[in-house]
Amino acid sequence: MAKPASSSAPAPASSGPFRAGDRVQLTGPKGKLNTITLEPGKVFHTHRGVLSHDAVIGLPDGSVVTNNVGVEHLALRPLLHDFVMSMPRGAAIVYPKDAAQILALADIFPGARVVEAGVGSGALSLWLLRAIGPAGRLFSFERRDEFAEVARDNAATFLGDDPANWSITVGDLVEALPSTLEPGSIDRIVLDMLAPWECLDACIDAMRPGGVLLCYVATVTQLSRVAEAIRGTGRFTNPASTETMVRGWHVEGLAVRPDHRMIGHTGFLITARLLAPGTVLPELKRRPSKSDYSDEDVEAWTPGALGERQASSKSLRKRVRAARAGAELARSRGDDDATPAT
């Protein structure tokens with residue numbers, strides 16, 4: 001079931017002195033990053049001394065603070081890119097390089113009505129919320145209640161409260177979508193799940209003609225099956241598939257070279273647009289290809305055969321607690337800010 005959001009669409013503090021409850025990114029002398037949530041009276045431990053949270057609270061963003069043995073740390077508010085890479089995770093996140101492409105390829109615009117499934121740990125949800133703005137609506141669907149809880153708390157931690165234009169419905173998209181939204185009311189649908197082909201009929205009913213469907217899948221077998229399923233409906237344009245690679249560069253004086261390490265394959269993005277009812281897509285003139293598949297191929301495409309990595313119950317409980325703690329600090333800070341001075 002969906003949980004109602006608060007009455008206002010919050011925004012994270014982007015400037016001004018650090019406050020209790022803020023997330024702060026500390027960079028040590030060797031470039032190591034650590035992200036902490038400021039709490040009065042607490043300390044941040046490293047193998048080279050301890051840093052008091054009270055020493056950071058009240059400093060302006062972009063300050064350098066020294067720990068008890070003289071080691072300096074740069075203190076900055078994390079960008080959304082930084083936050084999603086360090087926040088507690090119930091499920092694997094959509095990496096920023098893919099989130100940026102999703103916003104572009106799905107044409108997410110201010111005021112859009114967007115459906116997202118599944119919500120995972122809330123990383124993509126935060127990017128979508130930023131793109132649609134306060135005038136848009138994000139409807140997220142997640143099968144697992146604990147993942148939905150982590151995502152909701154991560155969003156509250158970053159934004160400072162629960163956004164009013166976001167709802168999370170716990171349940172299967174095929175069953176929950178028709179009972180939650182009016183037919184033909186959705187501009188964009190983003191599916192990040194193991195078997196998106198199972199949800200195509202429900203997506204067709206929910207979307208407006210011309211709307212964009214985007215599926216994020218991890219393997220080539222998933223990519224192949226969802227592409228053939230999209231074509232098989234007869235209701236979409238021919239799907240387009242991409243993979244995003246981002247390679248950093250080391251630049252110091254004349255030492256200019258590609259970084260030795262990079263985040264390689266994370267997933268494939270496949271997009272298609274919904275046709276108007278009764279429209280027949282003109283056939284593309286191209287050479288015949290080996291697009292037919294057998295029952296054995298279909299079996300290899302099933303979610304059970306593809307496999308899914310599951311976090312242990314103990315690990316997941318720890319992540320839920322971490323997400324809840326950050327959210328409670330952010331929400332209590334918002335309550336304090338809203339209390340008028342006497």
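Model, not experiment: these values are computed from the prediction.

*Asks:* Account for empty space enclosed by the protein, naming residues and giving values.
*Replies:* Enumeration according to the criterion identifies 1 cavity of 30 Å³ or more in this entry. If you add up the space inside the largest cavity, you get close to 50 Å³. Lining the largest cavity we find A92, I93, V94, E116, G118, V119, G120, S121, G122, A123, L124 and D192. Residue classes in the lining of the largest cavity are distributed as 6 nonpolar, 4 polar and 2 charged.

*Asks:* Any details on the sheet that holds strand β1 (residues 23-27)? Residues and values, ideally.
*Replies:* Spatially, 4 strands are ordered β2-β1-β6-β5 in an open sheet, and the strand pairing comes out antiparallel. This sheet does not close on itself; its edge strands, each paired only once, are β2 (33-37) and β5 (63-66). Along the sheet, successive strands turn relative to each other by an average axial angle of 35°, direction set aside. Where β1 and β2 come together, 5 bridges link them in antiparallel fashion. Its bridge partner being in β2, Q25 is matched across the sheet by T35.

*Asks:* Which residues make up helix α4 (residues 123-132), and what are the values?
*Replies:* For α4, the tally of buried residues reaches 9 of 10 residues, placing the bulk of the element in the interior. When α4 is considered as a whole, its buried residues turn out to be A123, L124, S125, L126, W127, L128, L129, A131 and I132. Downstream of α4 by a residue or two, G133 has a phi angle that is positive, lying close to 70°.

*Asks:* Help me get a handle on the environment of E142, residues and values and all.
*Replies:* For E142, the location among the structural elements is in strand β8 (residues 137-142). In this structure, the C-alpha to C-alpha distance between E142 and V119, residues 23 residues apart in sequence, is 5.5 Å. With near-sequence residues (within four places) excluded, E142 lies in contact with G118, V119, G120, F147, A148, T169, V170 and G171. A distance of 3.1 Å separates a polar atom in the side chain of E142 from the backbone nitrogen of V119.

*Asks:* So what's going on with the pattern of salt bridges? Which residues, and what values?
*Replies:* Pairs may arise between side chains of opposite charge once their charged atoms sit close together. Within the structure shown, the criterion is met by 12 salt bridges. One salt bridge connects D22 with R77, and the closest N-O pair in it is separated by 3.0 Å. Placement of D22 in the segment before β1 and of R77 in the loop between β6 (72-76) and α2 (80-86) is noted, with a sequence separation of 55 residues between them. Residue D22 shares its accessibility class with R77, and that shared class is buried. The closest approach of N and O atoms between D172 and R143, which form a salt bridge, is 2.7 Å. In this pair, D172 is assigned in the loop between β9 (166-170) and α6 (173-180) and R143 in the loop between β8 and α5 (145-159), connecting sequence segments 29 residues apart. The class for D172 is partly exposed, based on a relative accessible area of 23%. The network of salt bridges with common partners includes D22, D61 and R77.

*Asks:* Pulling in residues and values, what's your account of a positive patch on the surface?
*Replies:* The grouping of K314, R317, K318 and R321 at the surface amounts to a positive patch. Note that R321 resides in helix α11 (residues 313-338).

The rules behind the values
- Residues numbered from 1 in each chain as written.
- Predicted model: local features only at pLDDT ≥ 70, side-chain atom pairs only at ≥ 80, totals over all residues.
- Heavy atoms only, no water.
- 1 Å grid on protein atoms, 1.4 Å probe; cavity = no way out; pocket = protein on both sides within 12 Å on 5 of 7 lines; lining within 4 Å.
- Points joined across faces, edges and corners; volume = space filled by probe spheres on them.
- Nonpolar A, V, L, I, M, F, W, Y, C, P; charged D, E, K, R; others polar.
- Pairing = 2+ DSSP bridges.
- Helix = DSSP H or I, 4+ residues; strand = E, 2+ residues; numbered from the N terminus.
- Axes fitted to C-alpha atoms, helices over the stretch in contact; angles between N-to-C directions.
- Buried < 20%, exposed > 50% of the residue type's maximum accessible area, 1.4 Å probe, protein only.
- Contact = heavy atoms within 4.5 Å.
- Polar contact = N/O pair within 3.5 Å; in protein donor to acceptor, adjacent residues only side chain to side chain.
- Salt bridge = Lys/Arg side-chain N within 4 Å of Asp/Glu carboxyl O.
- Patch = residues over 30% accessible without salt bridge, like charges linked within 9 Å, V, L, I, M, F, W, Y side chains within 5 Å.
- Areas by Shrake-Rupley, 256 points an atom, 1.4 Å probe, with all protein chains shown as cover.
- Lys, Arg positive; Asp, Glu negative; His and termini not counted.
- Charge placed at Lys NZ, Arg CZ, Asp CG, Glu CD.

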